[in-house]
Amino acid sequence: MASKKIIIANWKQNGSLRSLYTLTNQIIRAIKLKKIKHSIAILPPHVYLPMLSKQVLSNKKLKNLSIGVQNVSAFPDGAYTGEVSFEMCKDFGSKYFLVGHSERRQLFSESDALISKKVSRLLSCNKKVVLCVGETLAERNKKLEKKVISKQLTSALSLLSQGSNIKTNNIIVAYEPIWAIGSGKSASNKDIYNTHFFIKKKLATRFKSCKILPKIIYGGSVNNMNSKDILSIEGVDGALVGGASLNAKKFIEICSSI
Ligand code: PGA
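Treat the numbers as computed from the prediction; the structure is a model and nothing was measured. (Residues numbered from 1 in each chain as written. Predicted model: local features only at pLDDT ≥ 70, side-chain atom pairs only at ≥ 80, totals over all residues. Heavy atoms only, no water.)

Undergrad: What's the story with the overall build of the chain in this structure? I'm lost.
TA: On a plain count of helices and strands, the chain comes out with 10 helices and 8 strands. Relative to its full complement of 258 residues, the chain shows a buried share of 51%. Taking as baseline every contact in the chain between residues at least 6 positions apart, the subset at least 24 positions apart corresponds to 76%. Charge centroids of the chain, computed over 41 positive and 16 negative side chains, lie 7 Å from each other. (Helix = DSSP H or I, 4+ residues; strand = E, 2+ residues; numbered from the N terminus. Buried < 20%, exposed > 50% of the residue type's maximum accessible area, 1.4 Å probe, protein only. Contact = heavy atoms within 4.5 Å. Lys, Arg positive; Asp, Glu negative; His and termini not counted. Charge placed at Lys NZ, Arg CZ, Asp CG, Glu CD.)

Printed below as a string of structure tokens:
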């Protein structure tokens, strides 16, 4: 059997109480029927975390299903109107914290500096971070993708001191070329392989004294037609799925494609 992957559903600002409850139930049922063997995480909008975490956590046998959030504050309690801390999400069983998604960077002006604060706060508190990196189409056309990704990675990890007790298995890097997100056109298998290899090399240098390197997953128009090929690429430890994760049938097919 193929090695165990991590497949993360990023539901973004979609769904309702009823539709996400039903979707979660369908995923739970597929796991119970042993259709899915990989590790799965669902990332609902914050407001639905209490309800859905109850649904997920009350099924004690579902060891491979976790819940997480799509964004988190860089700060502990305080006067940060509209923000939600990881401690608050953790109260509702959140295990994964997505940081630096390109929609946060582009639509909400999240800077590299803010992202690095989030990353260091989460990792220093032993939490699992899914750190998104990836280039725009313009950057790709200028062949700047490696430079851009390198800068994003270096910056995101810059507040972690070299000898600190950070657990590298708490880090997942999601390579998401921005032009592939929601476009229906994923990166080619060759590009995914090459970029994951590049990221792995960077991480191996950054964490040279660590036995375990962070996992690297791919995101950007992953669907039930291309997931088998993408998840089979050497160096791809899983997938971050947006649009297709809102459709139970498609998402379950993705999760059981290899
Ligand atoms: P997509 O989104 O699968 O709809 O391309 C991926 C993401 O933004 O995480």
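Undergrad: Honestly, unusual backbone geometry in this entry has me stumped. Any pointers?
TA: Trans peptide bonds make up most of the peptide bonds, and negative phi angles are found at most residues other than glycine. Phi at Lys-143 is positive, roughly 60°, even though this residue is not glycine. As for its placement among the helices and strands, Lys-143 is situated in the loop between helix H6 (137-141) and helix H7 (145-156). Although it is not a glycine, Ser-221 adopts a positive phi angle of roughly 60°. Along the polypeptide, Ser-221 turns up in the loop between strand E7 (215-219) and helix H9 (227-232).

Undergrad: What is the right way to look at the site of the ligand in this model?
TA: Around the ligand, the structure places 13 residues, and the nearest of them are Lys-12, His-101, Glu-176, Gly-182 and Ser-221. Within the side chain of Glu-176, a nitrogen or oxygen atom sits 2.7 Å from an oxygen atom of the ligand. A distance of 2.7 Å is found between an oxygen atom of the ligand and a backbone nitrogen or oxygen belonging to Gly-182. Within the shell around the ligand, the residues separate by chemical class into 4 nonpolar, 7 polar and 2 charged. (Near = heavy atom within 4 Å. Polar contact = N/O pair within 3.5 Å; in protein donor to acceptor, adjacent residues only side chain to side chain. Nonpolar A, V, L, I, M, F, W, Y, C, P; charged D, E, K, R; others polar.)

Undergrad: I tried to follow the packing of aromatic side chains on my own but got confused; where do I start?
TA: What describes a pair of aromatic rings is the distance from one ring centre to the other and the angle between the planes of the rings. Following the criterion strictly, the structure yields 4 aromatic pairs and no others. Aromatic pair Phe-75 and Tyr-80: ring centres 4.4 Å apart, planes at 10°, arrangement stacked. We classify Tyr-80 as partly exposed; its relative accessible area is 36%. Ring centres of Tyr-193 and Phe-197 lie 6.2 Å apart, and the angle between their planes is 15°; this geometry places the pair in the stacked category. Taken together, the residues Tyr-193 and Phe-197, both in helix H8 (residues 189-206) and 4 residues apart, mark about one turn of the helix. Classification of Phe-197 by relative accessible area gives partly exposed; the value is 47%. Looking at Arg-104, its charged tip hangs above the ring of Phe-108, at a distance of 4.3 Å from the centre. Taking NZ or CZ as reference, Arg-206 lies 5.1 Å from the ring centre of Phe-207, over its face. (Phe/Tyr/Trp six-rings, centres within 6.5 Å; stacked < 30°, edge-to-face > 60°. Lys NZ or Arg CZ within 6 Å of the ring centre and 35° of its normal.)

Undergrad: Mind showing me how you'd approach the packing of helix H1 (residues 17-32) against helix H10 (residues 248-255) here?
TA: Describing two packed helices takes the angle between their axes plus the distance from one axis to the other. Packing of H1 against H10 leaves a shortest axis separation of 10 Å and a crossing angle of 35°. At the point where H1 passes H10, the crossing takes the right-handed sense. Contacts from Leu-23, Gln-26, Ile-27 and Ala-30 of H1 reach H10 at Ala-248, Phe-251 and Ile-252. Class assignment of the residues belonging to the contact of H1 with H10 gives a composition of 6 nonpolar, 1 polar and no charged. (Axes fitted to C-alpha atoms, helices over the stretch in contact; angles between N-to-C directions. Left-handed = near helix turned anticlockwise from the far one by under 90°.)

Undergrad: Please explain empty space enclosed by the protein as it appears in this structure.
TA: It is a probe the size of a water molecule, rolled over the atoms, that shows where empty space is left. Scanning all chains against the criterion turns up 1 cavity of 30 Å³ or more. Computed from the structure, the largest cavity encloses a volume of approximately 40 Å³. The wall of the largest cavity is formed by Gly-100, Ser-102, Arg-105, Cys-132, Val-133, Gly-134, Gln-152, Glu-176 and Ile-178. Each residue belonging to the lining of the largest cavity can be placed in one class, and the counts come to 3 nonpolar, 4 polar and 2 charged. (1 Å grid on protein atoms, 1.4 Å probe; cavity = no way out; pocket = protein on both sides within 12 Å on 5 of 7 lines; lining within 4 Å. Points joined across faces, edges and corners; volume = space filled by probe spheres on them.)

Undergrad: What am I meant to see in the sheet that holds strand E6 (residues 171-175) here?
TA: Strands belonging to one sheet form pairs held by backbone hydrogen bonds; the direction of such a pair is parallel or antiparallel. One closed barrel holds the 8 strands; their spatial order is E1-E2-E3-E4-E5-E6-E7-E8, and the pairing between them is parallel. If you compare each strand with its neighbour and ignore which way they point, the axes differ by 25° on average. One ladder, built from 2 bridges, connects E7 with strand E8 (residues 238-241); its direction is parallel. Opposite Gly-219, over in E8, you have Leu-240 as the bridge partner. The sheet contacts of H8 involve strand E5 (128-133), E6 and E7, and relative to E7 the element is tilted by about 150°. (Pairing = 2+ DSSP bridges.)

Undergrad: What am I meant to see in the side chain of Ser-257 here?
TA: Mapped onto the fold, Ser-257 is located in the segment after H10. A relative accessible area of 17% means that Ser-257 is categorised as buried. A polar contact of 3.0 Å, which involves the side chain of Ser-257, links it to the side chain of Ser-227. Apart from the residues lying within four places of it in its own chain, the contact partners of Ser-257 are Ser-227, Lys-228 and Leu-231.

Undergrad: Whenever I open this one, a positive patch on the surface confuses me. Can you help?
TA: A contiguous patch of positive charge, built from Lys-32, Lys-34, Lys-37 and Lys-61, is present on the exposed surface. Residue position: Lys-34 is located in the loop between H1 and strand E2 (39-43). (Patch = residues over 30% accessible without salt bridge, like charges linked within 9 Å, V, L, I, M, F, W, Y side chains within 5 Å. Areas by Shrake-Rupley, 256 points an atom, 1.4 Å probe, with all protein chains shown as cover. Salt bridge = Lys/Arg side-chain N within 4 Å of Asp/Glu carboxyl O.)

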